[in-house]
Amino acid sequence: MQDRIVIVLLDEMNLARVEYYFSEFLSKLESRRNHATYLELDVGSLRIRENERRLQIPNSFLFVGTMNEDETTQTLSDKVLDRANVLTFGRPQNLKLRQENQGAAVQHHDSSYLPYSHFQSWVKLPNPNSEIVRSVKYFLNQANEVMEKMGHPFAHRVYQAITQYVVNYPQVESIESPAFKFALADQFGQKLLPKLRGVMVDEAHEQLEEMGRIIDDINDQPLITAFDKARKGRYGQFTWQGLVYEDEEV
């Protein structure tokens, strides 16, 4: 397992407030960016050496959580949103029975795996002087000014995460690349707009208009559609339901 990517799945992670059971671990995930980070083990009275009472959290361990949203579940706080990307899966465009997929051709997958060291070799570091990074900063500065007026500003962590995402998005070669707006739209939908859930639309009308103009400048139609839909949410609140892309016809 030394050089493997390992995904840890937290199913139904919002049945309880994430901060109640995952807060300390979120901090550890943050600190492992800069130095080795460990989980302390409660081993009771077992006679185990001190250095065996903890486990290192490797960088190759990634954490994914699933959650439904209804009256029985908890929403995510800004602390969690700042450290995660929220992917929303919309309703299926075409409902299918399980039996309809039974005749599908069986695909044979290569049994080899992608080494973590190989994955790391693909990662690009943002260049502060590049046109792409400057453009990301331009959009985020505008968005942050608007979000501050609504009580939901963000700090360096979010800027760094979004920039890292955009520069590593496939085929982002310049700000003219179609992929650039796709990457930026992803991050508005996954990290920024979920923070505005519950904002009263009438009270924040002016600020939402400003945000709408920023989103129009990004010019990604699914993002524009999702933002307009969120402004028409129930009970007069901004109800962000995520980016939903139509199934592509093959």
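Every value quoted in this text rests on a predicted model; they were computed, and no experiment measured them.

A. Spatial organisation of helix α7 (residues 205–218). For α7, spanning 14 residues, the distance from its first C-alpha to its last is 20 Å, which sits close to the expected 20 Å at 1.5 Å a residue. Residues of α7 that are buried: Gln207, Leu208, Glu210, Met211, Gly212, Ile214, Ile215 and Ile218. Looking at the buried side of α7, the elements it contacts are α4 (131–149), α6 (178–192) and α8 (221–230). At the exit of α7 stands Asn219, carrying a positive phi of roughly 65°.

B. Highlighting the nonpolar core. Formed by 40 residues in total, the largest nonpolar core has its most connected members in Val166, Phe188, Leu192, Met211, Leu223 and Phe238. Of the residues forming this core, the biggest block, eight residues, is contributed by α4. Every residue in contact with Val166, bar those within four places of it in the chain, is listed here: Ile132, Val136, Val172, Phe180, Ala183 and Leu184. With eleven residues, the next largest nonpolar core counts Phe25, Ile57, Leu76 and Val86 among its residues.

C. Region of interest: the packing of helix α5 (residues 156–167) against α6. Running from N to C, α5 and α6 cross one another at 145°; their axes reach a closest spacing of 9 Å. Our pair here, α5 against α6, has a crossing hand that is right-handed. For the pair formed by α5 and α6, the contact residues are Val158, Ala161, Ile162, Tyr165 and Val166 on the first element and Phe180, Ala183, Leu184, Asp186, Gln187, Gln190, Lys191 and Leu192 on the second. When grouped by side-chain class, the residues that make up the contact of α5 with α6 number nine nonpolar, two polar and two charged.

D. The pattern of salt bridges, seen in detail. Using the criterion set out here, one finds seven salt bridges in the structure. Arg33 is paired through a salt bridge with Glu30; the nearest N and O atoms lie 3.7 Å apart. Given the relative accessible area of 63%, Arg33 is considered exposed. Where Asp82 meets Lys195, a salt bridge forms, and the shortest distance between an N and an O atom there is 2.4 Å. With a gap of 113 residues between them, Asp82 in the loop between α2 (78–81) and α3 (116–122) and Lys195 in the loop between α6 and α7 connect regions that are remote in the sequence. A relative accessible area of 2% means that Lys195 is categorised as buried. One connected set of salt bridges, linked through shared partners, spans Glu30, Arg33 and Arg157.

E. Structural detail: unusual backbone geometry. The phi angle at Glu12 is positive, at roughly 50°, despite the residue not being glycine. When you line up the elements, Glu12 lands in the loop between β1 (6–10) and α1 (18–31). The exposure class of Glu12 is partly exposed, given its relative accessible area of 30%. The phi angle at Tyr235 is positive, at roughly 60°, despite the residue not being glycine. Mapped onto the elements of the fold, Tyr235 is located in the segment after α8.

The rules we used
- Residues numbered from 1 in each chain as written.
- Predicted model: local features only at pLDDT ≥ 70, side-chain atom pairs only at ≥ 80, totals over all residues.
- Heavy atoms only, no water.
- Helix = DSSP H or I, 4+ residues; strand = E, 2+ residues; numbered from the N terminus.
- Expected span 1.5 Å × (residues − 1).
- Buried < 20%, exposed > 50% of the residue type's maximum accessible area, 1.4 Å probe, protein only.
- Contact = heavy atoms within 4.5 Å.
- Core = buried A, V, L, I, M, F, W, Y, C linked by side-chain atoms within 4.5 Å.
- Axes fitted to C-alpha atoms, helices over the stretch in contact; angles between N-to-C directions.
- Left-handed = near helix turned anticlockwise from the far one by under 90°.
- Nonpolar A, V, L, I, M, F, W, Y, C, P; charged D, E, K, R; others polar.
- Salt bridge = Lys/Arg side-chain N within 4 Å of Asp/Glu carboxyl O.

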